[in-house]
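Descriptive structure summary
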Amino acid sequence: PPVPASAPAASAALPPRALGPPPLGPVSPAPRAESGKLSTAACLEECGPEDGGVPADAVLAPLREALDACRPTVQKQVCDDIGRRLTVLGDAWAQGKLSAPVRKRMSLLVQELQQQHWDAADEIHRSLMVDHVNEVSQWLVGVKRLIAETRSLPAAEPAAATDGSAQAGPGPEDP
């Protein structure tokens, strides 16, 4: 990176030269800024600098847990379809068919899903669909449906909280 003292001076003195061509095509810088906001900074923190250092299971296991949490309330056919698409995702990942940016964004998407940041998860899903449609079209629809179904579950609690605490709920109230 440039020397911190010179960077502000340079950017303040030369904005026209540095930003000459892009204003002609405002459509392309905007999505880049969005996806950069979502993936680049967060990925450097979350995923580490090495490309695609995300284990498949770190992404697939939470997605399958979310699917299991949906099964009691969501139609079997829908759940089975989501399950099939997660299998396609897992196979593509195992066969090395997914690029590092896709693996990193999926890792971020799962983190947002686990924290119930539905809009952020949806935004990452959209950026994947826009930027990597050929790579993700077979399975990302299932992830989108999973986000929607998880979002609309009656108890807005993380999947982990429903393990035993649901039955334990009435207990503490009536000693």
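Here, the structure is the one placed above.
Let us look at the structure shown here.

Reading the values: rules and limits
Within each chain, residues carry numbers counting from 1 in the order of the written sequence. A pLDDT threshold of at least 70 governs which residues receive local features in this predicted model, and a stricter bar of 80 or more applies before side-chain atom pairs are shown or counted, although totals over entire chains, interfaces and linings include all residues. Each side-chain value is worked out from all heavy atoms of the structure, with water and hydrogens disregarded. Numbering of helices and strands runs from the N terminus; a helix is a DSSP stretch of H or I covering at least four residues, while a strand is a stretch of E covering at least two. Each residue is assigned to one of three classes by its accessible area relative to the maximum for its type, calculated with a 1.4 Å probe on protein chains only: buried under 20%, partly exposed between the two thresholds, exposed over 50%. Only heavy atoms matter for contacts: two residues are in contact if any of them lie within 4.5 Å across the pair. Each accessible area is a Shrake-Rupley result for a 1.4 Å probe, and residues are judged covered by the shown protein chains and nothing else. Interaxial angle, 0 to 180 degrees, is taken between N-to-C directions of lines fitted to C-alpha atoms, where a helix line uses only the stretch in contact. In what follows, roughly perpendicular refers to angles from 65 to 115 degrees, roughly parallel to angles under 35, roughly antiparallel to angles over 145, and oblique to any angle outside these ranges. Note on convention: near helix rotated counterclockwise from far helix by under a right angle means a left-handed crossing. Clockwise means right-handed. Residue polarity follows a fixed list, in which Ala, Val, Leu, Ile, Met, Phe, Trp, Tyr, Cys and Pro are nonpolar, Asp, Glu, Lys and Arg are charged, and the others, Gly among them, are polar. Between Lys or Arg on one side and Asp or Glu on the other, a salt bridge is scored when a side-chain nitrogen of the former is within 4 Å of a carboxyl oxygen of the latter. Working definition of a nonpolar core: buried Ala, Val, Leu, Ile, Met, Phe, Trp, Tyr and Cys residues. They are joined through side-chain atoms within 4.5 Å. Here a helix's expected span is defined as the number of its residues, less one, multiplied by 1.5 Å.

Below, the discussion takes up the overall build of the protein chain. In terms of regular secondary structure, the protein chain is built from 11 helices and 0 strands. Within the protein chain, the fraction of its 175 residues that count as buried is 31%. Sequence separation of 24 or more characterises 72% of the internal contacts of the protein chain that already satisfy a separation of 6 or more. Within the structure as shown, the protein chain displays about 10,700 Å² of accessible surface, and the carbon and sulfur contribution to it stands at 59%.

At their nearest, the axes of helix H4 (residues 56-70) and helix H9 (residues 140-151) sit 10 Å apart, and the two run at 50 degrees to each other. Judged by the inter-axis angle, H4 sits oblique to H9. In the crossing of H4 with H9, the sense of the turn from one axis to the other is left-handed. Touching Leu63, Ala66, Leu67 and Cys70 of H4 are Val143, Leu146, Glu149 and Thr150, all from H9. The residue makeup of the contact of H4 with H9, split by class, is 6 nonpolar, 1 polar and 1 charged.

Attention shifts here to the pattern of salt bridges. As enumerated under the stated definition, the model contains 10 salt bridges in all. The salt bridge partner of Asp68 is Arg71, with a shortest N-O separation of 3.7 Å. Given a relative accessible area of 48%, Asp68 falls into the partly exposed group. Residue Arg71 is classed as partly exposed on the basis of its relative accessible area, which comes to 38%. Residues Arg105 and Asp131 are paired through a salt bridge, measuring 2.9 Å at the closest nitrogen-oxygen approach. Here Arg105, found in helix H6 (residues 100-114), pairs with Asp131, found in helix H7 (residues 118-131); they are 26 residues apart in sequence, far enough to count as distant. Its relative accessible area of 7% is what places Arg105 among the buried residues. Overall, Asp131 belongs to the partly exposed group, its relative accessible area being 34%.

With respect to the helices and strands, Ala61 occurs in helix H4. C-alpha separation for the pair Ala61 and Leu86, spaced 25 residues apart in sequence, amounts to 10.0 Å.

Glycine aside, residues mostly have negative phi angles, and peptide bonds mostly take the trans form. In this model, Gln116 sits at a positive phi of 60 degrees, which is unusual for a non-glycine residue. Topologically, Gln116 is positioned in the loop between H6 and H7.

As a further point, take the nonpolar core. Formed by 33 residues in total, the largest nonpolar core has its most connected members in Leu63, Leu89, Met106, Trp139 and Val143. For this core, the element with the highest residue contribution is helix H5 (residues 76-94), accounting for 7 residues. The contacts of Val143, once residues within four sequence positions are left out, are Leu63, Leu86, Met106 and Leu109.

We now examine H7. Helix length check: H7 (14 residues) gives 20 Å between terminal C-alpha atoms against 20 Å at 1.5 Å per residue, within 8%. Among the residues making up H7, those that are buried are Trp118, Ala121, Asp122, Ile124, His125, Ser127 and Leu128.

In this section: the packing of H6 against H7. Across the interface, H6 lies against H7 with an axial gap of 8 Å and an inter-helix angle of 160 degrees. When the axis of H6 is compared with that of H7, the two are roughly antiparallel. Here H6 and H7 pass one another in a crossing that is left-handed. Mapping the contact onto sequence places Val102, Arg105, Met106, Leu108, Leu109, Glu112 and Leu113 in H6 and Trp118, Ala120, Ala121, Ile124, His125, Ser127, Leu128 and Asp131 in H7. Each residue belonging to the contact of H6 with H7 can be placed in one class, and the counts come to 10 nonpolar, 2 polar and 3 charged.

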